[in-house]
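# Geometric and topological summary
Listed here are the chains, written in short residue letters.
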Amino acid sequence: MPFHPVAAIVNGMKRSRKSILALAAITVLGASAVPAAAAGQTRLSWGPCPDYDSTPSPTAGLECAKLTVPLDYAAPERRQIELTISRLPSKNPAKRRGVLLMNPGGPGGAGLAMPALLPKTGPAAALADRYDLIGFDPRGVGYSTPTTCGFTSADRNAMWPGYARGPEDVATYAGTAAAVARKCATARTKDLMPHITTANTARDLDAIRSALGARRISYYGNSYGSYLGAVYASLHPQRTDRVVLDSVTDPSGVGAEHRIQTAQGFDDRFPDFAAWAAARDSVYHFGSTPEGVGATYFRLAAQLDLAPVNGIDGKGFRFGTYEGLYQDERFPAIAETWLAAQGKPAPRAAPPALPDWLAENRAAAQLTLECNDSRWPRSLAGYQRRVETARLSHPAYGPAASNITPCAYWPEHEEGVRITGAGPRNVLLAQNLRDPATPLDGARRMSAALGHRAQLTLVDQGGHGVFRKANECANAAIAGYLAEGTWPTTFCARQHP
């Protein structure tokens, strides 16, 4: 089996016009036009949790329940779907403040295990006293009513485009993108597709709130989960208690503009890896300075464009490097891939992080939501122009971030929810300065959109994700706000390992 660079690096990682108008009317009313009772049963029956076919079970120690909600909130009397919810009850009822709902991002990330994972270490442990911790698999995901596109592993690898070396690459990939979109449009769950949106997931959050018997909810969302939290806070500002948005998206969400912004994220973050590799030049020989490591990146990418080595081509090399920038812990895996790209022995492929059924479901749910959530450009020539512009402004990764995707061939989309500052001041944004997936500029725009409601705390770290990482100041800031309501510092200095 050929070596797959992404597997080596990532280890453990429409509506009709009529119904759109109806849904827009509900949105204008803050979704209050559809009472939570319309979701079906509102009393939850708690029992054992599913385990995602993993041993040990990531949901050990939690209890789970099912909740029915409308597939289409514009027609709540029609088909219902199921959400699976998990709970870790407060360990100290005398200190309990309320409920804390959580989302891990993705989109398409399964969230049932989050209550078991969040409070294990450091300042986060206090949250297990202050809240009933609530996780859930969002609509379309995992043990909630799931969506599928019938993807093979090859389809999943082709779901997002690679680095386009020129206009002909964009045109070639357009055929692949259209085929991937057709698979989703003709899959057995195609009737679910138009309803897998952030706005509907936010409405599901409110149905969960109601079923839990809570007047308000606190919320923690990471990456895409930050956008979901901002949408909920905009639809239901008075139903929010303490809200933390970690690794923050642009207020437009995870559509075409977000994908283009990842080229800037690569440029922001790559110097951290380059400095790490330069300090280990005696081991890896990529260059004794960060500039030398950067030159090695471009040299290897150009060589692999002409002839793959150990199954690694130029597109996979660039994408694998980008994915590895998510965490410092992945830097050695990037280095191993670079060595393999020079003909050194290829590292053994990492075992799959997810069971195959969940990996397919996650890919299908992610693609469906991203394509549904915003208007994607349709013009092939337009993508070709954007790629050439990106080649000049962000040569390391821009022609991948700007390449055509299956969303260009998606049948329909839903207008997004406008993020506003209407509501109480209760939103903390936490953002690394050098995040490859949700770059700093997007977080600043989200902060501006939320206005007086929000405080932005910047962390002088690289990588994706702030809470429960290496920076003790940032961990204390987030945990302190959720547990005690204390507004933290607006800046956390860099902490070296």
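First, a word on what this report is: a plain description of the structure on this page. Numbers given to residues run from 1 along each chain, matching the order in which its sequence is written. Totals for whole chains, interfaces and linings use every residue, but because this is a predicted model, local features are given only for residues with pLDDT of at least 70 and side-chain atom pairs only at 80 or more, for both listing and counting. Note: side-chain values were computed over all heavy atoms of the structure, leaving out hydrogens and water.

### Side note on the nonpolar core
Heads up, the condition is: Residues enter a nonpolar core if they are buried and are Ala, Val, Leu, Ile, Met, Phe, Trp, Tyr or Cys, with the set joined through side-chain atoms within 4.5 Å. Only protein chains enter the calculation, and the probe is 1.4 Å; a residue is then buried if its accessible area is under 20% of its type maximum, exposed if over 50%, and partly exposed in between. Secondary structure elements are defined from DSSP: runs of H or I of at least 4 residues count as helices, runs of E of at least 2 residues count as strands, and each element is numbered from the N terminus. Two residues form a contact once any of their heavy atoms are found within 4.5 Å.
Among the nonpolar cores identified, the biggest contains 47 residues, and Leu-67, Leu-101, Ile-208, Leu-245, Leu-429, Met-446 and Leu-450 are the most heavily contacted of them. Ranked by residues supplied to this core, first place goes to helix α8 (residues 224–235) with 7 residues. Discounting residues that sit within four places of it in the chain, Leu-245 has contacts with Tyr-219, Gly-221, Ser-226, Gly-229, Ala-230, Val-427, Leu-428, Leu-429, Ala-430 and Leu-450. Membership of the second largest hydrophobic core comes to 32 residues, among which are Tyr-326, Trp-338, Ala-401 and Ala-437.

### A word on the sheet that holds strand β9 (residues 491–492)
For the record, the criterion: Two strands form a pair only when DSSP identifies at least two bridges running between them. Every axis corresponds to a line fitted to the C-alpha atoms, with the helix fit spanning only the stretch in contact, and the corresponding angles, defined between N-to-C directions, vary from 0 to 180 degrees.
Across the sheet, which stays open at both edges, the 9 strands sit in the order β1-β2-β4-β3-β5-β6-β7-β8-β9 with mixed pairing between neighbours. The sheet is open, and its two borders are formed by β1 (63–70) and β9, each paired with just one other strand. For strand β3 (residues 98–103) and strand β4 (residues 131–137), the ladder comprises 4 bridges, and the chain directions are parallel. Across the sheet, the residue bridging to Gly-98 is Tyr-131, located in β4. Running over the sheet, α8 touches β3, β4, β5 (217–222) and β6 (240–246) and is turned about 150° from β5.

### Observations concerning the packing of helix α9 (residues 256–278) against helix α11 (residues 290–306)
What counts here: In these notes the angle categories are as follows: under 35 degrees is roughly parallel, over 145 is roughly antiparallel, 65 to 115 is roughly perpendicular, and the rest is oblique. Here is the rule for handedness: rotate from the far helix to the near one, and if that takes an anticlockwise turn smaller than a right angle the crossing is left-handed, while a clockwise turn gives right-handed. Here the nonpolar group is Ala, Val, Leu, Ile, Met, Phe, Trp, Tyr, Cys and Pro; Asp, Glu, Lys and Arg are the charged ones; every other residue, Gly included, is treated as polar.
Close contact between α9 and α11 brings their axes to 8 Å; oriented N to C, the two are set at 110°. One finds that α9 runs roughly perpendicular with respect to α11. As α9 packs across α11, the resulting crossing turns out to be right-handed. For the pair formed by α9 and α11, the contact residues are Phe-266, Phe-270, Phe-273, Ala-274, Ala-275, Ala-277 and Ala-278 on the first element and Pro-290, Val-293, Gly-294 and Tyr-297 on the second. Among the residues forming the contact of α9 with α11, the class breakdown is 10 nonpolar, 1 polar and no charged.

### Description of the state of the cysteines
Put simply, the rule reads: Note on terminology: pairs of cysteine sulfur atoms within 2.5 Å are recorded as disulfides.
This structure, assessed with the given rule, holds 4 disulfides. Disulfide partner of Cys-49: Cys-64, at an S-S distance of 2.0 Å. What sets the handedness of the Cys-49 and Cys-64 disulfide is the S-S torsion sign, and at about 100° it is right-handed. Of the two residues, Cys-49 sits in the loop between α2 (17–28) and β1 while Cys-64 sits in strand β1, which places them 15 residues apart along the sequence. Considered together, Cys-49 and Cys-64 belong to a single accessibility category, that of buried residues. At a sulfur-sulfur separation of 2.0 Å, the disulfide partner of Cys-371 is Cys-407. Where Cys-371 bonds to Cys-407 through sulfur, the torsion about that S-S bond is close to -80°, and the disulfide is left-handed. Here Cys-407 lies in the loop between α16 (398–401) and β7 (427–434) and Cys-371 lies in helix α14 (residues 356–373), a separation of 36 residues in the sequence. Owing to a relative accessible area of 2%, Cys-407 belongs among the buried residues under this scheme.

### Side note on helix α6 (residues 167–185)
Put simply, the rule is: What a helix is expected to span follows from its residue count: subtract one and scale by 1.5 Å.
The terminal C-alpha atoms of α6 lie 27 Å apart, and with 19 residues this matches the ideal 27 Å at 1.5 Å per residue to within 8%. All of the buried residues in α6 are Asp-169, Val-170, Tyr-173, Ala-174, Ala-177, Ala-178, Val-180, Ala-181 and Cys-184. Where α6 is buried, its residues meet α5 (153–158), α12 (314–324), α14 and α15 (380–393).

### Looking at the pairing of β6
Short version of the rule: Crossover handedness is defined here as right-handed if the route from the first strand over the helix to the second strand goes clockwise, with the strands pointing away from the viewer.
Of all 7 residues making up β6, 7 are buried, and the element is well covered by its neighbours. In the classification by handedness, the crossover that spans β5, the intervening α8 and the parallel β6 is right-handed.

### Here's the deal with unusual backbone geometry
Only a minority of non-glycine residues have a phi that is not negative, and only a minority of peptide bonds are not trans. Residue Pro-56 follows Thr-55 across a cis peptide bond; omega there is 0°. Note that Pro-56 resides in the loop between α2 and β1. Residue Gly-106 is joined to Pro-107 through a cis peptide bond whose omega torsion reads -10°. Assignment of secondary structure puts Pro-107 in the loop between β3 and α3 (114–117).

### A closer look at the packing of aromatic side chains
Stated precisely, the cut-off is as follows: The rule is short: rings of Phe, Tyr and Trp, with Trp giving its six-membered ring, pair when the centres are within 6.5 Å, and they are stacked under 30 degrees, edge-to-face over 60, tilted in between. In this analysis the charged atom, NZ for Lys or CZ for Arg, is taken to sit over a ring once it is within 6 Å of the ring centre and within 35 degrees of the ring normal.
With the rule as written, the count across this model stands at 25 aromatic pairs. On the numbers, 5.4 Å between centres and 80° between planes, the contact of Tyr-297 with Phe-298 is edge-to-face. On the basis of relative accessible area, Tyr-297 is assigned to the buried category, the value being 1%. Positioned over the ring face of Trp-160 is Arg-259, at 3.8 Å from the centre of the ring. Just above the ring of Tyr-163 sits the side chain of Arg-318; from NZ or CZ to the centre is 3.6 Å.

### A word on the pattern of salt bridges
The test is simple: By convention in these notes, a salt bridge is any Lys or Arg side-chain nitrogen within 4 Å of a carboxyl oxygen on Asp or Glu.
Within this structure, the stated rule accounts for 23 salt bridges. Ionic pairing is found between Lys-315 and Asp-169, a salt bridge with its closest N-O pair at 4.0 Å. One end of the pair, Lys-315, is in helix α12; the other, Asp-169, is in helix α6, with 146 residues separating them in the sequence.

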